[in-house]
Amino acid sequence: MAESEGFPLAEPGLWVERVGDRTFPAGRPALFLDRDGTINLDTGYPDDPAAMALRDGIAPVIAAANQHGVPVVVVTNQSGIARGYFGWDAFARVNGRVLELLAEQDAFVDMVLACAYHEAGSGPLAIADHPMRKPNPGMLLEAGRRLGLDIERSLIVGDKPADMEAGRRAGLARGWLVDCEGSMMGGLSMLPLRDATDLDGLLTAIRSL
Ligand SMILES: [Mg+2]
């Protein structure tokens, strides 16, 4: 695929990008974050970098992880690519803008994984229930292998139950779900992320890793 040349694709539907040059000893837990609706406001299959804006309060969460030596890993489903709405080139521009907005607030991501597979697609990306697509844990486990992470102590923040389910399937114990009630999801304790108190709880959890 000509459009994918030069991009960090581990396979046709999987972007795996190591960002920056921070290094981490083996065995660190990570902060996993969904992207759309969690880091940036969800505009629905975002393909325009100029339209990207951060959600309030998320940059300090990432900055806290940076300050405490916790690798920050973005895990994002991008079925808009399988569906033919946009290509990896647009993903690259949008994602670059999100990372730029974070950097303006001294918040840095260490790895980005994006899964384009979806059953509604066509060609090589038309795969149902791909192991890399959340709620499957493939992206978290791939990051775990590449960064030598302590997966069980890692945290995940997302805005959809599928994000929490991916965390549960990967073996995480704690997740934060944007604008939702807390509850248990199997072995994963799912905490709400709605207000400043919830954000403080997440910051405390990051600082205690
Ligand atoms: Mg989301």
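Preceding block: the structure.
Quick summary incoming for the structure in this document. (Residues numbered from 1 in each chain as written. Predicted model: local features only at pLDDT ≥ 70, side-chain atom pairs only at ≥ 80, totals over all residues.)

A separate point is helix 1 (residues 58–67). Considered for burial, the residues of helix 1 that qualify are Ile58, Val61, Ile62, Ala64, Ala65 and Asn66. Residues of helix 1 that are buried in the fold lie against strand 3 (31–33), strand 4 (72–77), helix 3 (88–103) and helix 6 (196–207). Directly after helix 1, the chain includes Gly69, whose backbone phi takes a positive value near 65°. (Buried ≥ 20, exposed ≤ 12 C-beta atoms within 10 Å, placed from the backbone. Helix = DSSP H or I, 4+ residues; strand = E, 2+ residues; numbered from the N terminus. Contact = placed C-beta atoms within 7 Å.)

Backbone torsion omega between Lys134 and Pro135 reads 20°, so that peptide bond is classified as cis. Relative to the elements of secondary structure, Pro135 occurs in the loop between strand 5 (111–115) and helix 4 (138–147). A positive phi angle is found at Asp129, which is not glycine, with a value near 55°. Examined against the element boundaries, Asp129 turns out to sit in the loop between strand 5 and helix 4.

Those residues of helix 4 not exposed but buried are Gly138, Met139, Leu140, Glu142, Ala143 and Gly144. Buried residues along helix 4 sit in contact with strand 2 (14–18), strand 3, strand 4, strand 5 and helix 5 (161–170). Gly148 lies just past helix 4 and shows a positive phi near 65°.

Side chains Leu155 and Val157 project from strand 6 (residues 155–158) onto one buried face, and the interleaved Ile156 and Gly158 project onto a second face that is buried too. Sheet topology places strand 3 next to strand 6; three bridges connect them, and they run parallel. Across the sheet, residue Leu33 finds its bridge partner in strand 6, namely Val157. When strand 6 meets strand 7 (residues 174–178), the two strands line up parallel, connected through four bridges. Paired with Ile156 across the bridge in strand 7 is Gly175. (Pairing = 2+ DSSP bridges.)

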